[in-house]
Amino acid sequence: MSSYHKPDEKTLQGLKDVANKLRIHSIKATCASNSGHPTSCCSAAELMSVLFFHTMRYKADDPRNQCNDRFVLSKGHAAPVLYAAWAEAGYVKESDLLNLRKIDSDLEGHPTPKLAFVDVATGSLGQGLGAASWTLSHAFFSHFFPFLTSIICLLGLMINVWFLDADAALFGVNICRNACCLSHSRRWNTYVVDGHDVEELCKAFWQAQQVKDKPTCIVAKTFKGKGLKNIEDQDNWHGKPIPKDKVDALLNDLKAQLQVPNKSLTPQLPKEDTAPADLSSILLPEPPAYKKGDKMATRRAYGVALAKLGQSSQRVVALDGDTKNSTFSETFKKAFPDRYIECFIAEQNMVGVAIGCAARDRTVAFASTFAAFLSRAYDQIRMGAISQTNVNLVGSHCGVSIGEDGPSQMALEDLAMFRAIPTCTVFYPSDAVSTERAVELSANTKGICFIRTSRPDTAVLYSPDEKFEIGVAKVVRQSDQDVVTVIGAGVTLHEALAAADILAGEGKNIRVIDPFTIKPLDAETIVSSARATGGQIITVEDHYKEGGLGEAVLSAVGGEPGIVVTRLAVEGVPRSGKPNELLDIFGISAKHIASAVRKTFAN
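Residues numbered from 1 in each chain as written. Predicted model: local features only at pLDDT ≥ 70, side-chain atom pairs only at ≥ 80, totals over all residues. Heavy atoms only, no water.

An unreviewed UniProt entry annotates the chain as Transketolase of Salarias fasciatus. Listed in UniProt under the heading Sequence similarities (unreviewed entry), the comment for the chain reads: "Belongs to the transketolase family." Looking at the Subunit (unreviewed entry) heading of the UniProt record, one finds this comment for the chain: "Homodimer." (UniProt positions renumbered as here; feature names shortened; annotations may be inferred.)

(A) Spotlight on the overall build of the chain. For the chain, the count of helices and strands is 21 helices and 19 strands. In terms of C-alpha radius of gyration, the chain reaches 28 Å, essentially the compact-globule figure of 25 Å for 603 residues. Structurally, the chain occupies a C-alpha span of about 95 × 55 × 40 Å along its principal axes. Here the chain holds 603 residues, and 60% of them are scored as buried. On the chain, roughly 23,400 Å² of surface is accessible, and the fraction owed to carbon and sulfur atoms is 49%. Distance between charge centres in the chain, computed from 65 positive and 67 negative side chains, equals 2 Å. (Helix = DSSP H or I, 4+ residues; strand = E, 2+ residues; numbered from the N terminus. Rg over C-alpha atoms; globule rule 2.2 N^0.38 Å. Buried < 20%, exposed > 50% of the residue type's maximum accessible area, 1.4 Å probe, protein only. Areas by Shrake-Rupley, 256 points an atom, 1.4 Å probe, with all protein chains shown as cover. Lys, Arg positive; Asp, Glu negative; His and termini not counted. Charge placed at Lys NZ, Arg CZ, Asp CG, Glu CD.)

(B) Seen up close, the UniProt feature "domain: Transketolase-like pyrimidine-binding" (unreviewed entry) in the chain. UniProt's entry tags residues 296-460 with the feature "domain: Transketolase-like pyrimidine-binding" (unreviewed entry), counted in the numbering of this structure. Between the first and last C-alpha atoms of residues 296-460 the distance is 7 Å; the span itself is 39% helix and 19% strand.

(C) Just the pattern of salt bridges, in detail. Under the defined criterion, the tally for this structure stands at 27 salt bridges. In this structure, the salt-bridge partner of Arg23 is Glu46, at a minimum N-O distance of 2.8 Å. Taken together, the residues Arg23 in helix H1 (residues 9-33) and Glu46 in helix H3 (residues 45-55) connect sequence positions 23 residues apart. In this pair, the class of Arg23 matches that of Glu46, namely buried. For Asp361, the salt bridge is made with Lys446, and the minimal N-O distance between the two is 3.9 Å. One end of the pair, Asp361, is in the loop between helix H13 (347-358) and strand E9 (364-370); the other, Lys446, is in the loop between helix H16 (432-443) and strand E12 (449-452), and 85 residues separate them in sequence. Put simply, Lys6, Glu9 and Glu199 are held in one network by salt bridges that share partners. (Salt bridge = Lys/Arg side-chain N within 4 Å of Asp/Glu carboxyl O.)

(D) Seen up close, the nonpolar core. Ranked by size, the top nonpolar core spans 58 residues in total, and within it Leu319, Leu393, Phe418 and Ile537 carry the most contacts. It is H13 that provides the largest number of residues to this core, a total of 7 residues. Residues contacting Phe418, with those up to four places away along its chain left out, are Leu374, Ile381, Leu393, Cys424, Val426, Phe450 and Lys519. Core analysis: the second largest hydrophobic core is formed by 48 residues, Phe53, Leu107, Leu201 and Phe205 among them. (Core = buried A, V, L, I, M, F, W, Y, C linked by side-chain atoms within 4.5 Å. Contact = heavy atoms within 4.5 Å.)

(E) Spatial organisation of helix H8 (residues 198-210). For H8, with 13 residues, the first-to-last C-alpha span of 19 Å sits near the 18 Å given by 1.5 Å per residue. Taken together, the buried positions of H8 are Val198, Leu201, Cys202, Ala204, Phe205, Trp206 and Ala208. The opening residue of H8 is Asp197, an N-cap whose side-chain oxygen sits 3.0 Å from the backbone nitrogen of Glu199. (Expected span 1.5 Å × (residues − 1). Polar contact = N/O pair within 3.5 Å; in protein donor to acceptor, adjacent residues only side chain to side chain.)

(F) Molecular detail of the pairing of strand E1 (residues 70-73). Residues of E1 alternate between two faces, with Arg70 and Val72 on one and Phe71 and Leu73 on the opposite face, all of them buried. As paired strands, E1 and strand E2 (residues 150-155) are joined by 4 bridges and run parallel to one another. Paired with Phe71 across the strands is Ile152, a residue of E2. (Pairing = 2+ DSSP bridges.)

(G) Representation of empty space enclosed by the protein in the model. One pass over the full model with this rule turns up 4 cavities of 30 Å³ or more. The volume enclosed by the largest cavity comes to roughly 80 Å³. Taken together, Phe52, Met56, Tyr58, Pro63, Asn68, Asp69, Arg70, Phe71, Trp86, Phe117, Asp119 and Arg360 make up the full set of residues lining the largest cavity. Here the residues of the lining of the largest cavity are counted per class, giving 7 nonpolar, 1 polar and 4 charged. Reported here for the second largest cavity is a volume of approximately 70 Å³. For the lining of the second largest cavity, the element with the most residues is E1, which contributes 3 residues. For the lining of the second largest cavity, the per-class residue count stands at 8 nonpolar, 1 polar and 1 charged. (1 Å grid on protein atoms, 1.4 Å probe; cavity = no way out; pocket = protein on both sides within 12 Å on 5 of 7 lines; lining within 4 Å. Points joined across faces, edges and corners; volume = space filled by probe spheres on them. Nonpolar A, V, L, I, M, F, W, Y, C, P; charged D, E, K, R; others polar.)

Written out as structure tokens, the structure is:
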């Protein structure tokens, strides 16, 4: 092991000066905006100084360079000190700091990827570490693509700095995936330091870089408002700009401490050893291998499709929340164990890690669990939209059709959840062929994608060469005598087709539509079909009435006169039972669809 060389006194004083410059910038910026968290910035000033001007390797004029070390500010409310660091590095204009939080400035109250030096949005506290652990995932797959040396995540409260070394990837993934069970992995290498002592910090970060078999946690003891007289370590200063009558004195005091004001500290340059990300499309290597009438659950087809995509591209990675034998992500794991991350029952962390994996398009990440359990991670999902992530989330076991497992396992709110996410495409495939195509499309779609899969085996409806597009529905049954348009998805599409058979025996024809994507919804096909069937639409969904397929259709036809929508959906908290019994009890079976059509026709 190489020996530690203490920085010379000029360098140490230069780091102290930079820390105070960061304080000065942060105070000026928050005063200009009359809002923000200057005391939180001041507590992190030495940490930021040492990291950005002594430890990290990056190109200051090229923040998105693939070889740069990466930094995640989990305590996003300290954003001004991050902006100040980039100003001192020369990327952000110092004058722009005074536009903090203004409507025409990208220097927002908390960091977002509108800025080239931000990988993931932060501000919802505690999420940074999960997203930051994407470097471990990348290093875990490093034999596919060599990657960066390290990523640093700065957490709040005591301030904790997690220095995750790429060579420690395997152990880091173990810990990140199951933080409550550290005994299952080698424990973190840890140091406790004075977070305001630049020499201690320099040494601690050097030591962290020497440890190759585990990641390092540096616990840096700091004081809120450090360096501000009569404010440092005092209560009731969080989230408040410095009062006007105190600003000049504090700034003058900080400026007076600058001993080498013209000392130029520049970041170390990274090794140019990483190729740019491959952004080419990822396609299934061969068409779906199913015949019409075959029985296959869409959750199983998801696993098949994911493994096929993994064959096409080494960028495809999979994560799961310890449900791999139910979501069928295990199919991918068996084929590509070195590109699979087991996150155990920690769905919030799983989504955070997946968002990190997808950062800068280095991987195409698919994260799966029961759709009901993704509700735990809704904060991470909405932050993913703010992060402009391209992550793919897959939820199985939707609706009452899962049967005996009961209501705690039944996703009945998930469509409403994901429809509310502004960047989200919502796929709801109804057979194995459309599931494979949904997986393929999501791998090449910007923004968050959600794929809703079902537990029961259902018949294959489409031929292997059927083309699918986002926002384009399929009319799976129609005639010139159709009296009603029925729209179903997943298991309810099959119930709608069964209802069509029942009604055909009575001399009544209905049009049946498979929307394929719930968002965006194919309004044109729905409206034209409604016009052809007397303006009558019936939606049927294995989901609560609020926020699902029915409300999506209502939104699509809301401006069209003469169209009436009848909605069949799960009303009330369900119970255990056989799938067919539950579909019938909650009024979304073929029998109830046929009854609704008869009532509509009679009216």
